[in-house]
Amino acid sequence: MDIITVHNLKKYYGDRGKEPVVKALDGVNLAIEQGRFTAITGASGSGKTTLLNMMGGLDVPTGGEVIVDGVNLSSLREEELAVFRRKKVGIIFQNYNLVPTLTVEENILFPLDLDGSAPDMRIFREITELLGLTDQMERCPDMLSGGQKQRVAIARALVTKPAVILADEPTGNLDSRNSQNVAGLLKMTTEMYHHTLVMVTHNPELAQMADRVVRMQDGRIVESPDTPC
Amino acid sequence: MLKNNNLKICRRLIMRDIKFHRVQYILLSVSVALVCMLYTISLCLGNLTYDGFMYSYKIMYGSESHILFYDLTSSQAAGIKNHRSVKNAVSLSAIGVLSDEMLGNRSVKLAVVSPGWAKETDAVPMQGRMPEKQNEIALDELTMNSLAIPREPGAEVSLRWTPADGGGERMDTFILCGFWENRMGLTETCAWVTEETAQAFCGGTPEKLALGVTLYRPAGLEKQGAEILSDLGIQDIPFTTSLAFNDARQEHAGITAMRFYRMNLIVMLCGILMLYHIVRLSAAQDVRFYGRIKSLGMTPRQLRVLWVERASLLSLFGVLPGWLSGFLLCAVLAPHVVVGMEENPALCFFRLSPFPVSGILTFLTTGIACSLPMRTVTGKTPVEAMKFVEKEGAGSRRGRRRRTSLFLMALSGLSRQRGRSLPGTLSLLLALCILCCIWMQGASYDQEKYLEGMALFDYLIADASAEASIQRYNPKSRSITEEIYEALASHPAVTGIGAVRTMEVPMYADEKGRAQILATFEEADENGTARKEYMADNPDWMAGYEKMRKDGEYIGIVAGVGGLTLEKAMARNIFIEGSFSAELFGTGKYVIAAGSSSPVLKTTPPAGSRVVIEGREFEIMASVPYEESMISGADSREAEFNVTYYMPEEVFEELFPDHGIRNVGINIDQNSQKEFEQFLDSQLQGTGASVVSVSDYQWVFRNSVFHNCMIPLFVGSVMLMIGILNFGNVLARGVLVRKKEFAVYESLGMTKRQIRRLLLLEGALYLGSMLLILIPATAVITWLWGRWWLANTNTWCVTWHYSLMPLWISIPILAALVLLVPLYFLNVVTRESVTERMRVI
C-alpha cells in the first residue's frame, strides 16, 4: 500500500510571468510504499531536498499534488498543514533544527507539547535509551556534539509515532563514524516501529542501506526501481 | 484535527527566550518602561491641564455648584431641591450687600451662615470660626484688605451695607469672629452673620433665597436649568451656570489639553521605532527560529499567541516602572504647566484613568514593534522562513583591481550599509533640527530684558488693599506703616529704597491740554481705527474720557515718589515731551506727567503747561510713559481714565498729610538676600501686605520659557533618542548580520584585531559621512528658522542667540557608540567557533 503518492509535482523558482529561472522539480511522479526505507539520491541541486520538503508540507509546489496517508496536502490550509506535520510526519533536518532554549527532553517532546497531547512514556524511554540520550535529558542543545544533536532530532521525529519519517541529509554534518551510527539507528528504529522512512542523501554507502533508491537529476526522477536493492 | 493546540507551550518558549536573551530583553523592557513613562506623562499632563482649567473656571464662577438660582421663595427652593435632575442643593439667604465704595467691582453679600454654601464657595473661615452669636461676622481677606480691617478676631468692624429689602444704605458695627483666604470668590463672596443678627437688622430672614444646585449629569447646564424651572412652572427665575461646564470653555480646555494628548501619537511612533530597532537586531534569527518551530508543527495561531505573550510580558515588565517614573516626572513638570497652585497639581488633580490607558497604549506599541519577525514569517512556508536572510546592499565596485586594504574594506562595508543608514541619518537630522531650533529659541528669550521691563526693584511691597489687580487701593489702609518703612530703610542689606503714595484728585485740563489728549485718542492708528475705539469695551474709561472731552474734568492720580521709586520712574530715560532735571524737580514746583505706557503717544497735557493739584499750581516738567510695574492694585472706576502725576514725596506729604504707603520698592545687596528676606517676613507678618521679588519674576520667566519649549523639546529629545538608537542599531547590525562573513575572514587568516580595526574604521567613516550631512544641514536650518522666528515672534523680550548646543552634545555620544557597539557585538558573535559560524545559513 502506498503511503506517499506524488503526481506530476513541479516547483519553479523565479518570475511566474516570465521563463522560470530554476526548475527545482519538473513533473515528478513517485509512490512510496508503507513501512519501507526509501533513499533519494542525486547531485547537489537535483531537487532531492525540495521533493522531501513537499512531502513534509514544508513548502508549496508550483503544480501537481502530494498525498500523504490519504491526505492531499494542497487541500490543507496553513493551520491544518502545521497540525498535519506535527501528527503525521517526523522530520529530521541536516542542521538538526533543535530549539536552543529548550532542554533535550523538552526538544524531544516539543511536537507533543505543541499538540497538547500526553507522551507515551514507554515509547519515550525506549527511544531515548535506544539512542543513548538518557543521560543528556537536562542539557541544552549547544552543550551536545553534532552526533548527539542528530540523535535528539531522530528521537523527536519518532516520539509522535508518525506515519512517515522524512530525513534530509541526516548525516550531512557528521563524520563517517557518526554517520554510520546515526543511519543505523534510523534504520533500526523505523523497522522497530514500522515507520516509513524517506531519506535524502548523497552518501552511496547510506543509500545502500535503503530498501529502495530513487535517483534524481535536474528536478526529475531518473531511476526508481520498484524492488528493493 | 485542529483541536489540539496547546497554547501553554508559547509561555514556556517565551520564558526560555528571556532566560537566553537577557540583554535584549532588559534593553526592550527599559525601552517599554520609557514608552510607558512618556504615555503616562502626556496623559497625566493633558488631564491636569484640563482639570486646571476647570478649577480656574470654578474659581471665576465662585462656586462648586453647577447652577445658581436666585430670588427664590422657600417653596420654590424646595421644589428645585426635589427635582429629579438635582443631586444636592445648598441655599443662601442674603440680607444685603456690602456697599463700601472701596470694594470696587467686587460684590460681597451679607448672608446668614450656610455651611453648605460656604463649603461650595470655599468661604469657610481658616482662622477663627463661623459666627455663632449676634453681631458676629466672618469675612474674606480681600474684603478685609480693601476695607483696611485688621486681622484680629474679636475686633470691632464697621461696615456700610445696603439691605436686600430695598431699605437705604446703613452702617453697622460687627465683631470679627473669623476670616479666610480667597481661593474662590475673588469677584463675589459672602460675609457671614448669624440668623439672630439677620433678625435684629431685618426683622427676620429674607424671603428670597439663592440656591446652588449640583446635578446628576453636569452637561447642558443652561438647558437643564431651564427645564427644572419649566417643570416647576417658574420660568422667570434668574439663574447662572458654572463656567466650568460651559461648552465653549470646556472646548477651550479640551483644545489646550489636546496638545498633550497629541503627543501620544508621537510617543507611539517613536516608541514603535525605538522598540523596532531593538527587535530588528535579532529579527532574521527570530524569523528562522519561527520557521524552524513552524516546521515542527507550530500553527499560525500558536505563533500569534507567542507574539502576543511576548508583547504582554514585555509590557508587564515595563509598565510599572513606566507608571511610577511617568507620574514622578509629571509631578515635577505639573507646577510649570498649571501655575499658581499651592499644592502640586499632579497630586491635586490626581486621576487613575491615565494609567490603564497608558498601559494599553504601551501594550499596543510593544505589540506593533514586536510583530516584525511575525509579519515576516506570515505567508512564508517553513522552508522559506528557515532560509531567511536579510538582504545586504551591494558593495561599491571599483573599476580596476587593487590590493585590498582595511580602509577599502571599510569603505565597501559603509556603502553596503547606505540604505539602512539613511533613515537613521534623517531621524537624527530631524531631531537635531528640532532640538537646535528650540534650544536657540530658549536661549534667545532674554531674561535681563524681561526683568528690566517687569521688575523695577528687587522687591516690590504692596499695601494689603493693592495686592490684586481687581482690588481698589484704599488710601486709609496702613498695612505698610512708617515704622516698617523706616525699619526696612535702615537694614544694612538695603542699597536703595523708595515709597509710592497715591491719591485720586479731581483735575481740570485746559484747552491746550485737552486738545493734545483728544488729538491722540481721536486720531486713527495704522489700522485706520481711532485709538479710543480700543477702549470701547471699558465703559468706565469711556465715561471718564467723554467727561474730559466735554468739560475738561478728569481724575489725576497724584503719586508721591522719592529715592529709588523716583529714580526708577525716570530710569528708562524716555521722554515723550520735555526733559527731567532732578534739581528742578526737587524744588517742588514741577510734576512729571505719565499717561499711557506707550513711549510715543501724547496722552497727557503738554510739557510746560500748568496743572492745579489741591489748590497748588505745578508746571509739567516732562511727559513720560506710565511705569506699570511700580504701582500695584486698581484705582476707582471713575479713575479708569486718568493721568498720573509724579511729584516729590515731601510735596505729596504736605498736600496729603497722614497718607498711607501704597508701594515700596527695595534693592538689596544680593549677598544678603536670605537674611533680608527673613527680616522682611518678620516685618510684614500679619499685616496683609504682599511682596513680589525679582526672583518671582525670574521664576515666571523661566517657567514661561519652559512652558513654550517643553513640547518641542520633549518631541525632539525622544526623536534624538530614536536617532541615536538607530545609529547604534546600524553599527550593531553591521556586526551581527556579518557573522558568517567575519568567520570567513578569520578562516582566511584575518586576526580579530584586524576585524576590530575594520569595524572601528567602518564606524568612523559612517559617523564622518553622517556628520558631513548633519553639521551643515542643522546649522543652516537652525539659522534660517531662528531668523524667521525672530522676525515673526510677538515676544518683546528676545535677543538673537545662535546656538547648536544639542548637536555638539550629540557628537561625543555618537562617537562613543562608534567605539563601543561594534566591539561589544563582535565579542558576542565570536563566542562561537569559526566552523559553527560558517555553518550559519
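Relevant structure appears above.
Being a predicted model, the structure only gives us computed values, none of them experimental.

Conventions used here
- Residues numbered from 1 in each chain as written.
- Chains lettered and ligands numbered in written order.
- Predicted model: local features only at pLDDT ≥ 70, side-chain atom pairs only at ≥ 80, totals over all residues.
- Heavy atoms only, no water.
- Phe/Tyr/Trp six-rings, centres within 6.5 Å; stacked < 30°, edge-to-face > 60°.
- Helix = DSSP H or I, 4+ residues; strand = E, 2+ residues; numbered from the N terminus.
- Buried < 20%, exposed > 50% of the residue type's maximum accessible area, 1.4 Å probe, protein only.
- Lys NZ or Arg CZ within 6 Å of the ring centre and 35° of its normal.
- Axes fitted to C-alpha atoms, helices over the stretch in contact; angles between N-to-C directions.
- Parallel < 35°, antiparallel > 145°, perpendicular 65-115°, else oblique.
- Left-handed = near helix turned anticlockwise from the far one by under 90°.
- Contact = heavy atoms within 4.5 Å.
- Nonpolar A, V, L, I, M, F, W, Y, C, P; charged D, E, K, R; others polar.
- Salt bridge = Lys/Arg side-chain N within 4 Å of Asp/Glu carboxyl O.
- Pairing = 2+ DSSP bridges.
- Core = buried A, V, L, I, M, F, W, Y, C linked by side-chain atoms within 4.5 Å.
- Polar contact = N/O pair within 3.5 Å; in protein donor to acceptor, adjacent residues only side chain to side chain.

> Even after reading the chapter, I still don't get the packing of aromatic side chains, so can you show me in this structure?
Two aromatic rings are characterised by how far apart their centres lie and by the angle between their planes. All names here are of chain B. Tallied over the full model, the rule gives 27 aromatic pairs over all chains. Aromatic side chains Phe174 and Phe201 sit 5.5 Å apart centroid to centroid with 80° between the ring planes, which places their arrangement in the edge-to-face category. A residue pair is termed long-range when its members are at least 10 positions apart, and Phe174 in strand 7 (residues 170–180) and Phe201 in helix 6 (residues 195–202) qualify at 27 residues. Overall, Phe174 belongs to the buried group, its relative accessible area being 0%. On the basis of relative accessibility, which here comes to 16%, the residue Phe201 falls in the buried class. For the pair Phe652 and Phe656, a centre-to-centre distance of 4.9 Å together with 50° between the ring planes defines the contact as tilted. By the burial criterion, Phe652 is buried, and Phe656 matches it. Counting every residue linked through ring pairs, the aromatic cluster contains Trp323, Phe327, Phe350 and Phe355. Between Arg787 and the ring centre of Trp800, over which it is positioned, the NZ or CZ distance is 4.4 Å.

> Can you help me understand the packing of helix 1 (residues 8–20) of chain B against helix 10 (residues 300–337) of chain B in this one?
A pair of packed helices can be characterised by two numbers: the angle between their axes and the separation between those axes. Residues and elements named next belong to chain B. Taken N-terminus to C-terminus, the directions of helix 1 and helix 10 make an angle of 50°; their axes are 9 Å apart at the nearest point. Considering the angle they form, helix 1 stands oblique to helix 10. Between helix 1 and helix 10 lies a crossing of right-handed hand. Of the residues in helix 10, those touching helix 1 at Ile9, Cys10, Arg11, Leu13, Ile14, Met15, Asp17 and Ile18 are Gln302, Val305, Leu306, Glu309, Arg310, Leu313 and Phe317. In terms of residue class, the contact of helix 1 with helix 10 is made up of 10 nonpolar, one polar and four charged.

> Help me understand the pattern of salt bridges in this model?
Side chains that differ in sign of charge can pair as their charged atoms come close. Residues and elements named next belong to chain B. Using the criterion set out here, one finds 41 salt bridges over all chains in the structure. Residues Arg531 and Glu523 are paired through a salt bridge, measuring 2.8 Å at the closest nitrogen-oxygen approach. Taking relative accessible area as the criterion, Glu523 reaches 44% and is therefore assigned partly exposed. For Arg610, the salt bridge identified is with Glu617, shortest N-O distance 3.4 Å. Within this structure, Glu482, Arg501, Glu649 and Glu653 form a network of salt bridges that share partners.

> Can you help me understand the pairing of strand 1 (residues 67–72) of chain B in this one?
Each regular strand shows side chains that alternate between the opposite faces of the sheet. Residue and element names in this part refer to chain B. Of the pairings in the sheet, the one linking strand 1 to strand 10 (residues 239–241) comprises three bridges and is antiparallel in character. Bridged to Leu68 within strand 10 is Thr240. Note that strand 1 and strand 9 (residues 209–215) share four bridges and pair antiparallel. Across the sheet, residue Phe69 finds its bridge partner in strand 9, namely Leu211.

> What exactly am I supposed to notice about the nonpolar core here?
One recurring pattern in soluble globular proteins is that nonpolar side chains are buried together. Counting 71 residues, the largest nonpolar core has Leu45(B), Leu48(B) and Phe727(B) as its most contacted members. A total of 14 residues in this core trace back to one element, the largest contributor, which is helix 24 (residues 694–736) of chain B. Residue contacts for Phe727(B): discarding those within four places in its chain leaves Tyr766(B), Leu767(B), Met770(B), Leu814(B), Leu817(B) and Val818(B). Counting residues in each nonpolar core, the second largest holds 66 residues, with Leu52(A), Leu73(A), Val198(A) and Met374(B) among its members.

> Just to check I follow, could you spell out the interface of chain A and chain B for this structure?
You'll often see interface size given as the accessible area lost when the parts meet. Contact residues are listed per partner, giving 34 residues for chain A and 30 residues for chain B. Along the contact surface separating chain A from chain B lie three salt bridges. Between Arg16(B) and Glu106(A) there is a salt bridge, with the nearest N and O atoms lying 2.4 Å from each other. Scanning the region where chain A abuts chain B turns up 16 residue pairs in polar contact (both at pLDDT 80 or more). Secondary structure elements with two or more residues in the side of chain A that touches chain B: helix 2 (78–88) and helix 3 (104–115) of chain A. Broken down by class, the residue content of the side of chain A that touches chain B amounts to 15 nonpolar, seven polar and 12 charged.

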